[in-house]
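What the coordinates show
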Amino acid sequence: MLTKIKWILLFPLRYIFLMLGYGWREYYSLIINRQDRDISIKDIKDKKHKKHFWALEIGNKVKELFIKKGLKKSDDFLDYGCGYGRMVLPLIKYLDKNKYIGMDLSKERIRLANEFIASLNTKVIKKHRFFVSVNKTIKDLVGEIKFDKILMYSVISHNPLKEVHKILFELKKHLKKKGKIFFDYQSSHENIPNDYFISFMGFTLKRSVKDFRFSNKDISNVMDGLGLKYKELKEFEKFQDSITSNHYKKLVMVQFKD
Ligand SMILES: C[S@@+](CC[C@H](N)C(=O)[O-])C[C@H]1O[C@@H](n2cnc3c(N)ncnc32)[C@H](O)[C@@H]1O
């Protein structure tokens with residue numbers, strides 16, 4: 001009950017943030033920082049999850065898929081919204097040194113990512129960089145650098161559509177001419193309405209302030225508006241990174257229009 005009330009209080013908090021002139025990113029990073037402030041990387045490892053967000057093994061599966069889609073050791077790679085770093089180890093082991101950059105809005109997630117790396121066999125750790133990106137542009141953090149591959153795994157589904165547009169607008173400026181952006185999203189469908197709701201004391205409320213679903217049309221409008229083209233990677237349907245099927249979760253590969 002207490003947890004439910006805490007979650008419900010996040011809704012008015014968002015509007016208070018807006019009235020104070022803060023944006024989505026500040027609000028969202030505050031939630032994540034509070035949520036993860038007492039978690040250690042040992043807690044995550046001890047969970048031994050096979051699916052969902054704490055499943056460390058997903059990083060390996062994503063890396064294998066990217067290699068099939070053309071990831072090269074020499075690629076400049078941006079893991080945008082890198083979280084606690086489950087993609088980091090497979091990627092930095094594979095990529096040449098200094099090719100991996102991870103960014104996240106949350107200082108707690110970056111703390112965990114650094115803790116994760118520190119807990120590993122240092123022989124396999126190549127030089128890489130992490131950044132806390134709240135209130136910063138990519139240019140503020142790394143200058144004019146452009147990337148061959150940009151990953152946003154489980155990131156878009158935690159941003160409102162307007163923010164998705166802003167993110168891709170910024171990423172586009174840091175994408176090489178032949179570069180590719182990969183991201184997944186939860187697609188809305190008539191069987192799964194555009195958001196999911198709970199009942200509380202007779203009221204129907206959106207279940208989560210930080211989960212968003214988009215129709216395929218929403219995504220295609222964002223892409224068209226930015227002069228980008230994309231295709232869905234069908235392999236992802238069998239990917240199974242959550243208990244439910246990935247039928248409504250899409251992974252797309254984005255490129256500049258020719
Ligand atoms: C569900 S987690 C996924 C983390 C990681 N990609 C993974 O798969 O383990 C989403 C992460 O994206 C980050 N995030 C969301 N929007 C972001 C943005 N605009 N810039 C940077 N990080 C962002 C959040 O702080 C959070 O750590």
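Here we summarise the structure given alongside this text. Think of each chain on its own: its residues are numbered from 1, step by step along the sequence as written. Owing to the predicted nature of the model, reporting of local features is limited to residues with pLDDT of at least 70; listing and counting of side-chain atom pairs is limited to 80 or more, with chain, interface and lining totals taken over all residues. In computing side-chain properties, one takes all heavy atoms of the structure into account and sets aside hydrogens as well as water.

1. Some details on the sheet that holds strand β5 (residues 175-186)
We apply this condition: Between any two strands, pairing holds if DSSP finds at least two bridges. In this text, helices come from DSSP runs of H or I with a minimum length of four residues, and strands from runs of E with a minimum of two, each type numbered from the N-terminal end. To define axes, lines are fitted to C-alpha atoms, for helices over the stretch in contact only, and angles between the resulting N-to-C directions are given on a 0 to 180 degree scale. Two residues qualify as a contact provided that any one of their heavy atoms is within 4.5 Å of a heavy atom in the partner residue.
Spatially, 7 strands are ordered β3-β2-β1-β4-β5-β9-β8 in an open sheet, and the strand pairing comes out mixed. The open sheet is flanked by β3 (128-132) and β8 (228-232), the only strands paired with a single partner. Adjacent strand axes in the sheet meet at a mean angle of 20° when their direction is disregarded. Sheet strands touched by helix α6 (residues 107-118): β2 (100-104) and β3. Its angle to β3, the strand with the most contacts, is close to 160°. In this fold helix α9 (residues 216-226) packs onto β5, β8 and β9 (249-256), with an angle of close to 150° to the strand it touches most, β8.

2. Here's the deal with the side chain of Asp76
To keep things clear, this is the line we draw: Polar contacts here mean pairs of N or O atoms no more than 3.5 Å apart (in protein, one a potential hydrogen donor and the other a potential acceptor; neighbouring residues in sequence count only if both atoms are side-chain atoms).
Mapping Asp76 onto the fold places it in the loop between α4 (58-68) and β1 (77-80). A distance of 3.3 Å separates the side chain of Asp76 from the side chain of Lys99, its partner in a polar contact. If we ignore the near neighbours within four places in the chain, the residues touching Asp76 are Lys99, Lys146, Phe147, Asp148, Lys149 and Lys176.

3. Comments concerning the site of the ligand
Threshold: To be near a molecule or strand, a residue needs just one of its heavy atoms within 4 Å of it. Note that accessible areas follow from Shrake-Rupley with a 1.4 Å probe, and for residues the cover is restricted to the protein chains shown.
The local shell around the ligand holds 19 residues, among which Gly81, Arg86, Asp104, Arg109 and Tyr153 are the closest. A distance of 3.3 Å is found between a nitrogen atom of the ligand and a side-chain nitrogen or oxygen belonging to Tyr80. In the environment of the ligand, an oxygen atom lies 2.6 Å from a nitrogen or oxygen atom belonging to the side chain of Arg86. Coverage of the ligand by the protein chains reaches 98% of its 600 Å² of free accessible surface.

4. Here we look at the nonpolar core
Spelled out, the test is: Put simply, buried Ala, Val, Leu, Ile, Met, Phe, Trp, Tyr and Cys residues joined by side-chain atoms within 4.5 Å make one nonpolar core. Burial status follows relative accessibility: with a 1.4 Å probe on protein chains alone, a residue under 20% of its type maximum counts as buried, one over 50% as exposed, and anything between as partly exposed.
Counting residues in each nonpolar core, the largest one holds 40 residues, and the members touching the most others are Leu78, Met152, Leu168, Leu171, Ile181 and Phe183. With 5 residues, the top contributor of residues to this core is helix α2 (residues 24-36). Setting aside its immediate chain neighbours within four residues, Leu171 contacts Leu78, Tyr80, Ile138, Ile150, Met152 and Ile181. The next biggest cluster of nonpolar side chains, apart from the first, holds 36 residues, and it includes Ile41, Val62, Phe77 and Tyr153.

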